[in-house]
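As a plain string of letters, each chain reads:
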Amino acid sequence: MKIYLVGGAIRDKLLGLKVRERDFVVVGATVDEMLRLGFKAVGKDFPVFLHPETYEEYALARTERKVAAGYHGFVFHAEPSVTLEQDLARRDLTINAMAQDEDGNLIDPFNGKNDLDRKCLKHVSAAFREDPVRILRLARFAAFLPEFTIDESTFILMQEMVKAGEVDALVPERVWQETKRALECAKPNRFFEVLKECGALSILFPSIEKRFNLAIKLLNNAVKKSKDPRVRFAALLNNLSISEIKGFAKKLNIPREYLDLALLSSTYCGFIFDENSRSAEEILCFFEKIDAFRRPKRLNDLLSVCVVFNKLPKEKIQNYKRLFEVVSNINGKDVSRTKSGVEIKNELHRLRRIAIEAKLF
Ligand code: CTP
C-alpha cells in the first residue's frame, strides 16, 4: 500500500499558500485492509475513509467513467490495481492533478507544476467534460488565482459543455457553494466574467447577465470595502428588483442570511442615501421596519452595503449608527410599568422620536 498527498494541498503548497485541507490517495489497498487499519468508511459512492486519528480523507485510487447525466451518472472503479497516474488522470485541472509521496517527491504526470509556473488553468483530459461542476470550479479558481489565464483548449471545452446543455444539470447547492466560495476570493468578478465568456452566466444567473457591467462595478466596489461575502453578494444584486432577487434566491436555494441582506439593501439603501431630507419619525420608522431593535446587526450590515456605493461620506453613515445607539438605549425601563402593551409601545416610540429629534436639530 502506498499513500500520496494529492490535489489542492499540493497546489496551494507550491503556490506558497496556506493549506486548508489535506486529501490522500491510497494505491494498492482494498476496503477491508483500510477498515482493518482502523480507517472509518465515509464515502457513499466510492471508497473514501477518515484516518482514525487525524480524520483526514483517504480515498482509494480510482478511475471513473460517466455513463449517465447528473451527479450519480458515474461508474467508479477502485481496486488495488488502479495506479496513481490513472487516479490523477480523472481530475479536473493539471494544477490539481499532482501528488506527493511519503518521502516528499512530487509526482506530476500532467505538468501541473509547469502550469502553475506559467499561471495557466488547463484541463487534464477530455474527461473534464464529464462533470459540469468543473465549469464552476474553474471560474472559482480564476477568482482565487486572478493572475492565472485559462488555456484556450480548456476554454473551448467549457463553451462546448455549455452548448451541449451540461450546465442545466447542475444542482442549486453546488452552484451556490461555488458562488459563495468565489465571493470570498480575491477577485470574485472573475468568477462571473468567466461564466459569462463561456456562456454559462445567462443560464445560471440571467438577472446578473442583464445588467452585467453595473453588477460587476458594484461587486468590485464591495470587494474593496468588505471581506464579508454577504455584503459582496448584496452589492452584486443591488440593481436587481425585489422579485428578481427573490427569484434568484429561490432558484439557487440561497441561505437566509444572504437573501436577507440583499433584500434589505435593495429596499433601504436609497432611503439611507437620502438622509438629509428625513424626519425623526421617518428615521425611527426605518429602524423599526428593519427590526433593528431586536436585530441590531441588520443595521450594521445594511450600512456596510451602503458604504460600497460611495454616495455618502463616511460621517453620514456613522450618523445612522450614532442615532441608533441613542434610541436603542431607550427601552422598557424608561416607560411606566402601569401602562398596557400598546401604550408602552407608543410611549417608547414617542421617547425615541424625541431623542432622534434632539440629535437631528
Ligand atoms: N476534483 C475534480 N473534479 C471535481 C472536484 C474535485 O477533479 N469536480 C479533484 C481535484 O483534483 C481536486 C480534488 O479532487 O484538487 C479535491 O477536491 P476539493 O477538495 O473539492 O478541492 P481542492 O482542489 O482540494 O481545492 P479547494 O478546496 O480549494 O476547492
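Quantities reported herein were computed from a predicted structural model and do not represent experimental measurements.

Moving on: the domain arrangement of the protein. For the protein, the assigned domains are domain 1 (1–118), domain 2 (119–204) and domain 3 (268–360). Computed over C-alpha atoms only, the centres of domain 1 and domain 2 are separated by 22 Å. Contacts between domain 1 and domain 2 engage 25 residues on the former and 25 residues on the latter. Both sides of the domain 1 and domain 2 interface together cover about 1900 Å² of buried area, and 56% of this is carbon and sulfur. The salt bridge involving D92 is made with R137; its shortest N-O contact spans 2.7 Å. Counting the contacts that link domain 1 with domain 2 gives nine residue pairs in polar contact (both at pLDDT 80 or more). Listed by contribution, the elements that provide at least two residues to the side of domain 1 that touches domain 2 are α1 (8–14), β6 (63–66), α3 (84–89) and α4 (112–117).

What follows is about the sheet that holds strand β4 (residues 48–50). Two pairing modes exist for strands in a sheet, parallel and antiparallel, and in both the strands are linked by backbone hydrogen bonds. Pairing is mixed across the open sheet formed by seven strands, whose spatial order is β3-β4-β5-β2-β1-β8-β9. Of all the strands in the sheet, the pair left with one neighbour each is β3 (40–41) and β9 (106–107). In terms of strand pairing, strand β2 (residues 23–27) meets strand β5 (residues 57–60) through four bridges, oriented parallel. Bridging from a neighbouring strand, V25 pairs with A59 of β5.

Moving on, we come to the packing of aromatic side chains. Across all of its chains, the model carries 20 aromatic pairs by this definition. Ring centres of F287 and F293 lie 6.5 Å apart, and the angle between their planes is 85°; this geometry places the pair in the edge-to-face category. Using a relative accessible area of 0% as the deciding quantity, one classes F287 as buried. One aromatic cluster is present, built from ring pairs that chain together W176, F191, F192, F205, F233, F248 and Y258. Over the ring of F141 we find R140, and its NZ or CZ is 4.9 Å from the ring centre.

Turning our attention to a positive patch on the surface. A surface patch of like charges, here positive, comprises K187, K224, K225, K314 and K321. Secondary structure elements with two or more residues in the positive patch: α11 (212–225) and α17 (314–328). The topology assignment puts K224 in helix α11.

This paragraph deals with the side chain of E178. Relative to the helices and strands, E178 is located in helix α7 (residues 172–183). Judged by its relative accessible area of 1%, E178 falls in the buried class. Contact partners of E178, with chain neighbours within four places excluded, come to L136, R137, R140 and F191.

For the structure shown, the criterion picks out 29 salt bridges. Of the charged contacts, one joins K113 and D117 as a salt bridge, the two residues approaching to 3.1 Å between their closest N and O atoms. Of this pair, K113 and D117 both sit in helix α4, four residues apart, which is roughly one turn of that helix. The exposure class of K113 is partly exposed, given its relative accessible area of 31%. Assessed through its relative accessible area of 51%, D117 is described here as exposed. Where salt bridges share partners, they join R256, D260, D291, R294, R295 and R298 into one cluster.

Scoring rules and cut-offs
- Residues numbered from 1 in each chain as written.
- Predicted model: local features only at pLDDT ≥ 70, side-chain atom pairs only at ≥ 80, totals over all residues.
- Heavy atoms only, no water.
- Domains from an automatic or database assignment.
- Contact = heavy atoms within 4.5 Å.
- Buried area = accessible area lost by both parts, 1.4 Å probe.
- Salt bridge = Lys/Arg side-chain N within 4 Å of Asp/Glu carboxyl O.
- Polar contact = N/O pair within 3.5 Å; in protein donor to acceptor, adjacent residues only side chain to side chain.
- Helix = DSSP H or I, 4+ residues; strand = E, 2+ residues; numbered from the N terminus.
- Pairing = 2+ DSSP bridges.
- Phe/Tyr/Trp six-rings, centres within 6.5 Å; stacked < 30°, edge-to-face > 60°.
- Buried < 20%, exposed > 50% of the residue type's maximum accessible area, 1.4 Å probe, protein only.
- Lys NZ or Arg CZ within 6 Å of the ring centre and 35° of its normal.
- Patch = residues over 30% accessible without salt bridge, like charges linked within 9 Å, V, L, I, M, F, W, Y side chains within 5 Å.
- Areas by Shrake-Rupley, 256 points an atom, 1.4 Å probe, with all protein chains shown as cover.
- Lys, Arg positive; Asp, Glu negative; His and termini not counted.
- Charge placed at Lys NZ, Arg CZ, Asp CG, Glu CD.

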